[in-house]
Amino acid sequence: PNARVTAPSRVRGTLDVVKVQWLHTSARALTRLQAYRSQFGSVSGGPYWDDLSFPDGPISLSAAQGGRIAGAAYDVENAGDERHHLKYGAGYRTSTTFLDELVPTASERVRSRPTIFSALAYLGDTWSIAPRLDVSATARFTRAHIVPSDGFTYAVAALDPHASAVYRIGGDIALRATFDHTTVAPKPLQADRTDSTGKTAFVPLG
């Protein structure tokens, strides 16, 4: 506090994405198969950092974070006939992330290193009951298996419904009623986070 600052605060990041996709179209269907992998990371630090530090004011910060995500997905959109429009698919993904953050002015250190395995499957149909009325229903199953860096592994699973009805009044006007329930698995910092406070090495800023 109240010391001269002679070095800038900065963030340096890296991002690498690789994706392979196969797409097949027919008269009434679209099929997609994709595999992907992304790797990202950043190093941040500086003597004057005011991002998300309310109400403590500016802080000093040194942090490194990153991760790797890999997965595959299969999707089909099928307009089997004039009345039904089917959509279904499945996917699997692994995510490994890490965070190591030191805040000397607050004597705080934050660590996180979870691995999350996620699976997804869905099935939906849009039914054209009449020329002006469409009804849709979809079921989506998700499951996340979480392996924290410290503690017991656990899983979160859910079956989420979606339903909607659309009535077209004219060429440009329609009435829509929708019901959704969406379950979101824990994010990395929610799944695994260790905060420690105490004396940390502090170097004068100037």
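Below is a summary of the structure that appears in this document. This structure is a prediction, so every number in the text was calculated from the model and none was measured.

Let's shift gears to the overall build of the protein. Looking only at helices and strands, the protein has 1 helix and 10 strands in total. When the helices and strands of the protein are listed from N to C terminus, the series reads β-β-β-β-β-β-β-β-β-α-β. Against the globule reference of 17 Å for 206 residues, the protein gives a C-alpha radius of gyration of 24 Å, more extended than a compact globule. Reported as C-alpha extents along the three principal axes, the dimensions of the protein are approximately 75 × 35 × 30 Å. Across the 206 residues of the protein, 23% fall into the buried class. Across the protein, every contact between residues at least 6 apart in sequence was considered, and the portion connecting residues at least 24 apart equals 58%. Total accessible area on the protein stands at roughly 14000 Å², and carbon and sulfur atoms take up 58% of it. Positive and negative charge centroids in the protein, built from 22 and 19 side chains respectively, lie 5 Å apart.

Our next topic: the pairing of strand β4 (residues 84-103). Across 17 bridges, strand β3 (residues 59-78) lies against β4 in antiparallel orientation. By the bridge assignment for β4, Tyr74 is matched with Ala90. Counting the residues in the hairpin turn of β3 and β4 gives 5 residues. In terms of strand pairing, β4 meets strand β6 (residues 115-130) through 13 bridges, oriented antiparallel. Residue pairing for β6: Thr96 is matched across the bridge by Thr115. The pairing of β4 with strand β5 (residues 108-112) spans 5 bridges and is classified as antiparallel. In the sheet register, Leu102 faces β5, and the bridge partner there is Arg109.

Further remarks concern the side chain of Asp75. Note on placement: Asp75 falls in strand β3. Engagement of the side chain of Asp75 in a polar contact is seen with the side chain of Tyr122, the distance being 2.5 Å. Residue contacts for Asp75: discarding those within four places in its chain leaves Leu30, Thr31, Arg32, Gln34, Tyr88, Gly89 and Tyr122.

Conventions we followed
Residues numbered from 1 in each chain as written. Predicted model: local features only at pLDDT ≥ 70, side-chain atom pairs only at ≥ 80, totals over all residues. Heavy atoms only, no water. Helix = DSSP H or I, 4+ residues; strand = E, 2+ residues; numbered from the N terminus. Rg over C-alpha atoms; globule rule 2.2 N^0.38 Å. Buried < 20%, exposed > 50% of the residue type's maximum accessible area, 1.4 Å probe, protein only. Contact = heavy atoms within 4.5 Å. Areas by Shrake-Rupley, 256 points an atom, 1.4 Å probe, with all protein chains shown as cover. Lys, Arg positive; Asp, Glu negative; His and termini not counted. Charge placed at Lys NZ, Arg CZ, Asp CG, Glu CD. Pairing = 2+ DSSP bridges. Polar contact = N/O pair within 3.5 Å; in protein donor to acceptor, adjacent residues only side chain to side chain.

Function-wise, these values are silent; they only describe arrangement.
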